[in-house]
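Examining the three-dimensional arrangement
Here's the letter readout for the chains.
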Amino acid sequence: TIGNRGNVHHDPLYNVAIANMMRAYGKPSTGLDGLAYIPYHYGASWLHSVWADLTGLDVLALYSLAPPVILASVFLCGLLVLCIEAREARPARDGGDRPIEREPYVWVVLAAATIGLVPTLALDALTIYNRHLLISESYIAGLAFMLPCAALAVRWAAGRESANVGRRQVGRREVGRREVGRRDALFLLGVVPVLLVCLGFLKVSMMLLGLAALLWYVVRAGLYRSPVAVVAALFTFGLCLATYKLVSVPAQNQGLVPFIYMRYDVRSGWWPYFLIGHFIWSWVYIAARVREEGAVTLSDLRLALRRGRLLDAEIVAVVAICGFIPGEIISIHGGSAIYFSDVQRWIASPLMMAFTPRWIRALFTPVSPRNKGLASVRLVSVAAWVIAIPLGLTMLLNVGRAVRASAAQNIGLRSELYALAGQPGTSTLNMRSPAVLATGLARAPDQSLISVLRSLDQMPRDLKSRTALFIPQSDTSFWNIFREADRCSYTSMVAPATSGLALIDGMPPSSCAVTGQYGLTAYPKRVTPQSAADTLPETLCAKAKDRGFGRVLFLQSSPGNVYSTRPIEC
């Protein structure tokens, strides 16, 4: 909020800084002291920089709009596309499938997956973070790309299956043998590696899980007998390994700690239920598919697996298991193991959307009633409604909680702006005057500073590409913009995130205990306080030229916190 100065999370500043540096200088960096390379899955940052150019918005504003408006829409479309492809790949045996817009259970499952069937507090306890779809722009960008890729893979696999039906032989040694044609070779050697590498630059966890699913399919579909498929698998593995080295963040790996995610990120008292609750979508889908194939004994299950009838369920299990392992053996900073273990939900749920209508029809097979009216209602229908009513109310409450939180935050901000404008106590229903809100914003702390920084982002691209920004550490308004002492590591990121310019000599003060995260180790840590000599034009130009810049903007303030910039041509 305005009154608490800098009461925002630092993650957006980090991501926007990278996007701005890619936009202005073409380099993935945070721009804190030159343009040091930052290993990170910066594909989402690049996307935002491109969209900023396309829309005419600055990246900071776009980061507030793109995840809920653009990426969430593409993500939902991806769920539906994968659902449709899965239905077409395995059509109903009775031919009873209807278009998804006429299948109410498709939309029920979609709502259940994205909203949650149990209260949000219970979801959070089991680390089922629906809000992470909008909090992490890289995660939702990765999902928005991954789901259509998964749909394409389903289409390709279904096409191969139908094309090879006539060539499949009965002998045990030949079961599962597949021929790899030209189209298959093109897909495996050309399409799959490119898609996985792109996915790695969006979210490295999804690339690794996609690679695991690909290798499992190559083995279980018998493609390992084809030299082309083996070469394609090895080539893809090598590309993914090279991509991983480019985008993985070494500081995220904080050592081996058994079951750390389950023990410390799951809420106290809930961790024994983590395997059930967190992976519920995968459990339900796998169980439903096993039942659908009529496997009621271990012998039946083994036979179904040998015949490849459960390959889709196997893929879901592989993604779930491989997503579970990293967070249970490695301490991944900031609870980021969620971005491995949560992926299985978005593979299993669209498959549930695809086949739930069939399973419901099979369960509720109509029978001729012996009675009429209320007496003819089946007990299974009564039970279904008894369960559905509280679950539906819970979903409404989950949605209402998010709406109430957003509304309360909006009202709180408007109240602060009205107070700054000298009109406190106004009814919340009437705080809609643009003039009053603008007056309050103009009087807000740091407004002059942030306004000047954001105005620098409008600089012509050719000029910006050779310009750096310098903010002297004597400017306490900037360097104390976060009031909490332990957040001093992130102050520098405010400048590249708002101005779109890289900094010269922009590392935190020597008194700051700089974190090892957020790419800060890519820059030399300040060991002495900044001296007057460090702010001289000749000193700044020497540092600027060393970092590839020919011009420096010196941010300076005058009494009354009025900010301006002084250009220094080098």
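Residues numbered from 1 in each chain as written. Predicted model: local features only at pLDDT ≥ 70, side-chain atom pairs only at ≥ 80, totals over all residues. Heavy atoms only, no water.

**Quick notes on the overall build of the protein chain**
Looking only at helices and strands, the protein chain has 24 helices and 6 strands in total. The C-alpha extent of the protein chain, read off along each of the three principal axes, is 85 × 65 × 45 Å. Residue burial in the protein chain is summarised as follows: out of 570 residues, 46% are buried. In the protein chain, the share of contacts with a sequence separation of at least 24, taken over all contacts with a separation of at least 6, comes to 71%. A distance of 7 Å separates the average location of the 55 positive side-chain charges in the protein chain from that of its 36 negative side-chain charges. (Helix = DSSP H or I, 4+ residues; strand = E, 2+ residues; numbered from the N terminus. Buried < 20%, exposed > 50% of the residue type's maximum accessible area, 1.4 Å probe, protein only. Contact = heavy atoms within 4.5 Å. Lys, Arg positive; Asp, Glu negative; His and termini not counted. Charge placed at Lys NZ, Arg CZ, Asp CG, Glu CD.)

**Observations regarding the side chain of Thr236**
Mapping Thr236 onto the fold places it in helix α10 (residues 227-247). Judged by its relative accessible area of 1%, Thr236 is buried. Leaving out residues up to four positions away in the same chain, Thr236 has contacts with Leu188, Val192, Pro193, Leu196, Leu211 and Leu214.

**A closer look at a nonpolar patch on the surface**
On the surface, a cluster of nonpolar side chains totalling about 370 Å² of accessible area is made up of Leu57, Leu65, Val69, Ile70 and Val74. With respect to the helices, strands and loops of the structure, Ile70 is situated in helix α3 (residues 59-89). The class of Ile70 is partly exposed, set by a relative accessible area of 31%. (Patch = residues over 30% accessible without salt bridge, like charges linked within 9 Å, V, L, I, M, F, W, Y side chains within 5 Å. Areas by Shrake-Rupley, 256 points an atom, 1.4 Å probe, with all protein chains shown as cover. Salt bridge = Lys/Arg side-chain N within 4 Å of Asp/Glu carboxyl O.)

**Re the state of the cysteines**
In total, this model carries 2 disulfides according to the counting rule given. With its sulfur 2.0 Å from that of its partner, Cys488 forms a disulfide with Cys512. The S-S bond linking Cys488 to Cys512 shows a torsion near 85°; that makes this disulfide right-handed. Placement of Cys488 in the loop between α22 (476-479) and α23 (494-499) and of Cys512 in the loop between β4 (502-503) and α24 (537-546) is noted, with a sequence separation of 24 residues between them. Classification of Cys488 by relative accessible area gives buried; the value is 19%. (Disulfide = S-S within 2.5 Å.)

**Some words on the sheet that holds β4**
Strand order in this open sheet of 4 strands is β4-β3-β5-β6, and the pairing throughout is mixed. The two strands at the open ends of the sheet, each matched to only one other strand, are β4 and β6 (562-569). Across the sheet, helix α20 (residues 447-455) is in contact with β3 (467-470), β5 (551-558) and β6; its angle to β6 comes to roughly 35°. With respect to the sheet, α24 is in contact with β3, β5 and β6, its orientation differing from that of β6 by roughly 70°. (Pairing = 2+ DSSP bridges. Axes fitted to C-alpha atoms, helices over the stretch in contact; angles between N-to-C directions.)

**Observations regarding the pairing of β3**
The alternating pattern of β3 places Thr467 and Leu469 on one face and Ala468 and Phe470 on the opposite face, and all of these are buried. Both β3 and β5 contribute to a ladder of 4 bridges, which runs parallel. Bridge assignment links Phe470 to a residue of β5, and that residue is Phe554. For β3 and β4, the ladder comprises 2 bridges, and the chain directions are parallel. By the bridge assignment for β4, Leu469 is matched with Leu503.

**A look at the nonpolar core**
The biggest cluster of nonpolar side chains holds 135 residues, and the ones touching the most others in it are Phe75, Leu469 and Ile471. It is α3 that contributes the most residues to this core, 12 residues altogether. Counting residues in each nonpolar core, the second largest holds 6 residues, with Leu417, Tyr418, Ala421 and Leu437 among its members. (Core = buried A, V, L, I, M, F, W, Y, C linked by side-chain atoms within 4.5 Å.)

**Some thoughts on unusual backbone geometry**
Although it is not a glycine, Phe259 sits at a positive phi angle of roughly 55°. Its location among the elements puts Phe259 in the loop between β1 (253-256) and α11 (260-265). The class for Phe259 is partly exposed, based on a relative accessible area of 46%.

**What about the packing of aromatic side chains?**
Aromatic ring pairs are described here by two measures, namely the spacing of the ring centres and the angle between the planes. Under the defined criterion, the tally for this structure stands at 19 aromatic pairs. Ring centres 6.0 Å apart and planes at 45° place the aromatic pair Tyr285 and Trp359 in the tilted group. With a gap of 74 residues between them, Tyr285 in helix α13 (residues 280-292) and Trp359 in helix α17 (residues 343-363) connect regions that are remote in the sequence. Measuring from centroid to centroid gives 5.1 Å for Phe478 and Trp479, while their planes differ by 90°, and the two rings are edge-to-face. With a relative accessible area of 9%, Trp479 lands in the buried category. Three or more aromatic residues joined by ring pairs make a cluster, and in this case those are Tyr14, Tyr40, Tyr490 and Tyr518. When the ring centre of Phe482 is taken as origin, the NZ or CZ atom of Arg487, which lies over that ring, is 4.2 Å away. The aromatic ring of Phe554 is capped on one face by Arg566, whose charged end is 4.7 Å from the ring centroid. (Phe/Tyr/Trp six-rings, centres within 6.5 Å; stacked < 30°, edge-to-face > 60°. Lys NZ or Arg CZ within 6 Å of the ring centre and 35° of its normal.)

**Some remarks on the pattern of salt bridges**
Close approach of charged atoms lets side chains of opposite charge pair. Counted under the stated rule, the structure contains 26 salt bridges. Ionic pairing is found between Asp33 and Arg547, a salt bridge with its closest N-O pair at 2.9 Å. Placement of the pair is Asp33 in the loop between α1 (11-25) and α2 (43-55) and Arg547 in the loop between α24 and β5, with a sequence separation of 514 residues. A salt bridge links Glu293 to Arg309; the nearest nitrogen and oxygen atoms lie 2.9 Å apart.

**Concerning the packing of helix α9 (residues 204-220) against α10**
Running from amino to carboxyl end, α9 crosses α10 at an angle of 165°, the nearest separation of the two axes being 11 Å. With respect to α10, the axis of α9 lies roughly antiparallel. The chirality of how α9 crosses α10 is left-handed. Contact residues: Val204, Met207, Leu208, Leu211, Leu214 and Leu215 in α9; Ala233, Thr236, Phe237, Cys240, Thr243, Tyr244 and Val247 in α10. (Parallel < 35°, antiparallel > 145°, perpendicular 65-115°, else oblique. Left-handed = near helix turned anticlockwise from the far one by under 90°.)

**Considerations on the confidence of the model for the protein chain**
Taken as a whole, the protein chain shows an average pLDDT of 88; of its residues, 92% reach a score of 70 or greater. Counted against residues more than four places away or in other chains, residues 168-177, with its pLDDT under 50, gives 12 contacts. (pLDDT = per-residue confidence, 0-100.)

**Overview of the environment of Asp184**
Looking at the element boundaries, Asp184 is found in helix α8 (residues 182-202). Sequence separation between Asp184 and Tyr490 is 306 residues; the distance between their C-alpha atoms is 48 Å. One polar contact links Asp184 to Trp156, side chain to side chain, over a distance of 3.0 Å. (Polar contact = N/O pair within 3.5 Å; in protein donor to acceptor, adjacent residues only side chain to side chain.)

**As for α1**
Over its 15 residues, α1 runs 21 Å from end to end, which matches the ideal 21 Å to within 8%, given 1.5 Å per residue. For α1, the tally of buried residues reaches 13 of 15 residues, placing the bulk of the element in the interior. (Expected span 1.5 Å × (residues − 1).)

**A few points about helix α19 (residues 434-442)**
Helical geometry: 3.6 residues make up each α-helical turn, so side chains three or four residues apart lie on a common side. Along α19, the residues that are buried comprise Val436, Leu437 and Gly440. Seen end-on, α19 carries its buried residues on one side only, within an arc spanning 100°. Among the exposed residues of α19, those oriented more than 90 degrees off its buried face are Pro434, Ala435 and Ala442. (Arc of directions from axis to C-beta.)

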